[in-house]
Structure formats: C-alpha cells, structure tokens
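Here is what each chain is made of, one letter per residue.
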Protein chains: 2
Amino acid sequence: MDYYSNQINRLVTELSGLPGIGSKSAQRLAFHILNMPKADVERLSNSMTEARNTVRYCSECFTLTDEERCPICKNPKRDHRTIMVVENTRDQAAYEKTGKYEGVYHVLHGAISPMLGIGPADIRLKELLLRLQKDADEVIIATNSSLEGETTAMYISKLVKPTGIKVTRIASGVPVGGDLEYIDEVTLLRALEGRREL
Amino acid sequence: MDYYSNQINRLVTELSGLPGIGSKSAQRLAFHILNMPKADVERLSNSMTEARNTVRYCSECFTLTDEERCPICKNPKRDHRTIMVVENTRDQAAYEKTGKYEGVYHVLHGAISPMLGIGPADIRLKELLLRLQKDADEVIIATNSSLEGETTAMYISKLVKPTGIKVTRIASGVPVGGDLEYIDEVTLLRALEGRREL
C-alpha cells in the first residue's frame, strides 16, 4: 500500500474498510474515483454524509427514514392494525417490492442471537410491545428463516399471544421456481409440514 | 429503489454507479454507511473529494501522485536511464511491490485499442518520446499481455528503435506456481518460444 501517494493510499484504506471490499476492489474503486469528474465525486461524497446526517428511525415503526414518521406509517390507506415484524429496513423493502402487502411494519434492527450476545433488550422489541398496547389485529412475524430469526419469532410469539392479538409467521418452504433436487433437507421438511390441501 | 426514503435512495444510486457494485451490493454498502459513526463517514467522504482534488499527474512519468514530481522520479538513487512503460498506476504499483526494479516508469494511462477507438494520441505516448529525447539507455515495455497491450508494445517498439535506445518487452509465460493443465494454449506456446537454456 506504500506504492501509491499518500492521498491515494488514504482513499484505498478508507474504501477497503467497507464490507465486501477487499484490497484489490478498493484499488480499482479508488482509481475509478480519481478518474471521475470532480462534480461526480462531490455528489457521491455528499450523498454519504448527507444520508448519514439526515437518516433516522421512524418514530412509529423504527425503519430508517428522512422524516419523523416514514411514508408508510404516514399513509392513511395502509392497514395500521396489521403489523409485519422484520429484522431490518432491507427486509421491509423486500416485502414492499411485492406491492401486495397493505399493512404496516415494525423494524427490529437485529434478531436475538445468544451466540453474538444479542438479547431481547438489544433490538426494538420493547417498542413493538408499546405499539401493541394501542391497537392491533395481527402481528405477522417475518424475521429470517435462520436460527436467530426463528428464535426471535418464538420469543415475540410468546410475548404477544397472552395479549390476545393474533400472531402469525410467514411460511417456510420451497422457493417458487426452486428445484427440489437442490433444496436442503430442512427446507424440504418444512415444506412438507406446511402442506396445504388443493 | 422507491422502497427507501429519498436520502437512502440517493446514496444507493450513487454507490451503484461505481464499477463492480450492483444494486444489492449498493444497498448493503448504503446500510453499512448509515450504521457507521458519523466521524467515520465524514472521513470516508473526505478521502474521496480530497484525493480527487489533490491527485494529479507526475510531470515526469505521468503516474498519479500528490506532488509535482512523484517520489520515484524525485529519488536520485533510482536509475533514471531505464524507463519501464506501464499502462496505469496500478501496474506500476505491481512492479514496485516486487521491490527489485531500480529504474523509473512511464505511465501511459491506457493502451492503443482500435476496438474502443483509443489511438496513439489518446495515451501518454508523445510524452514518452519527449522524455527519450533527453537521455535513456533502455525502454522496458510492460504493457499487459492483452491484444491492446501487445499492439501498444509493437507501436512503441517501432517508434523507439530508430532512436538507437534499447527496447525490451517483459516475458510472457507460465506464471510461477501455475499448473500447466490449467494454462491456455497461447500462454503455453509463448512459454515454449521464450524457453531458455539451463
């Protein structure tokens, strides 16, 4: 890394601190940036600091947003009595892309993981329970289908059930277009357990 | 991309404009940046604009550097009569990493490519010839072993030979540690042609 001038080294070092960007990619990106028009570099650089400085948690669902309340929580056309619980804003976006979900969300910002020392107090669970005290018909748990996601789902279900609010979990099974041959045993068993009459 | 707030969308769009960063990686990077300490984002962002604003071409070898003349050109211990011609600053760094090359460099910033419409006037060839008018013992052509690199090497060799300066080309062959079985035919033939007595 001492083979470049100071400013280039500094840029390469900063870029290689980003996830999924190794030393080679950082060098390629750095030289791409050095060859970009100055105005474009300015825009790229501002988009980072401005996003970092403006983006905060929605006061209702805790997704990352520019405003006090996110557009989904502000939308009166959404069903505010159906709350889908997701691990993060990207998972929320994945469901929004389907264009079919009409309810609102609750973003946990993580999942319970005894391995990583992440407990129920480290994610936005208390905030979910506070929301549920107001009014809700159904809580749809859409945490990932991983060990952490399942643990979190079980935990939420135990907390919410006594309140009488309906708690559901999104289905596990064979992905649409998936070839059975390439699907792991656990998923195959889940799909069997979750079979429905035709 | 409309599933995030404006600032996040803007950041994702800017990041996905970088080479090798698709829409998914851009989202992952964006959320990583949003979760970084503000000071770190500031540092990352400054490293880009500052590098872009300070870095320029060395007045002698045309590598990218912070100064009027790069550290290699300024170093009196380097052999200024041996000039290695490379396509870009990264290739120069690759040779510097060997720690064994004592000469100086000339950075072309590209290679002749009729396919891409890049002609001899589009790279720093004129500057090389001007340098050679002063004083030089040997020009080592270390352009890539691609069609463009070879074309450029041939072109330079034809220009330089009449001046009486020695022109050499780095060897093509089997990479050290390479397994013959996995090496393409052209490289195998090059290695055969370039064989040396033991």
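A brief report on the enclosed structure follows. Since we're looking at a predicted model, the values are computed, not measured.

Observations concerning the overall build of chain A
In terms of regular secondary structure, chain A is built from 8 helices and 6 strands. Counted from the first residue to the last, chain A has its helices and strands arranged as α-α-α-β-β-α-β-α-β-α-β-α-β-α. With respect to the three principal axes, the spread of C-alpha positions in chain A is 65 × 45 × 35 Å. When burial is assessed residue by residue, chain A has 42% of its 198 residues classed as buried. When the accessible surface of chain A is summed, it comes to about 11200 Å², and 53% of that surface belongs to carbon and sulfur atoms.

Brief notes about the pattern of salt bridges
If the charged atoms of two oppositely charged side chains come close together, the side chains can form a pair. The tally for this structure, following the rule as stated, stands at 23 salt bridges over all chains. Between Glu-60 of chain B and Arg-69 of chain B there is a salt bridge, with its nearest N and O atoms 2.8 Å apart. You can call Arg-69 of chain B partly exposed: its relative accessible area is 32%. One continuous salt-bridge network, built from bridges that share partners, spans Glu-14 of chain A together with Asp-40 and Arg-43 of chain B.

Some remarks on the interface of chain A and chain B
Residue-level contacts link 49 residues of chain A with 49 residues of chain B. The junction of chain A with chain B conceals about 5000 Å² of combined surface from both sides, 64% of it contributed by carbon and sulfur atoms. The three residues of chain A that bury the most area against chain B are Tyr-3, Met-48 and Arg-52 of chain A, which together make up 14% of that side's buried surface. Across the chain A-chain B interface, the total number found is 4 salt bridges. Note that Arg-10 of chain B is salt-bridged to Glu-50 of chain A, the shortest N-O span being 2.6 Å. Counting the contacts that link chain A with chain B gives 15 residue pairs in polar contact (both at pLDDT 80 or more). Looking at the side of chain A that touches chain B, the elements with two or more residues in it are helix H1 (6-16), helix H2 (23-35), helix H3 (38-54), strand S2 (64-65) and helix H5 (89-98) of chain A. Counting residues per element, the side of chain A that touches chain B draws most heavily on H3 of chain A, which supplies 16 residues.

Some details on the relation of the copies chain A and chain B
At an RMSD of 0.1 Å, chain A and chain B line up after a rotation of 180° and a shift of 0.1 Å along the axis. Here the two chains are linked by the operation of a two-fold rotation axis. Among all C-alpha atoms of chain A, that of Ser-45 of chain A lies closest to the rotation axis, at 2.3 Å. Residue by residue, 100% of the interface of chain A is reproduced at the interface of chain B, so both copies engage with the same surface.

About the thresholds
Residues numbered from 1 in each chain as written. Chains lettered and ligands numbered in written order. Predicted model: local features only at pLDDT ≥ 70, side-chain atom pairs only at ≥ 80, totals over all residues. Heavy atoms only, no water. Helix = DSSP H or I, 4+ residues; strand = E, 2+ residues; numbered from the N terminus. Buried < 20%, exposed > 50% of the residue type's maximum accessible area, 1.4 Å probe, protein only. Areas by Shrake-Rupley, 256 points an atom, 1.4 Å probe, with all protein chains shown as cover. Salt bridge = Lys/Arg side-chain N within 4 Å of Asp/Glu carboxyl O. Contact = heavy atoms within 4.5 Å. Buried area = accessible area lost by both parts, 1.4 Å probe. Polar contact = N/O pair within 3.5 Å; in protein donor to acceptor, adjacent residues only side chain to side chain. Least-squares fit on C-alpha atoms with pLDDT ≥ 70 in both.

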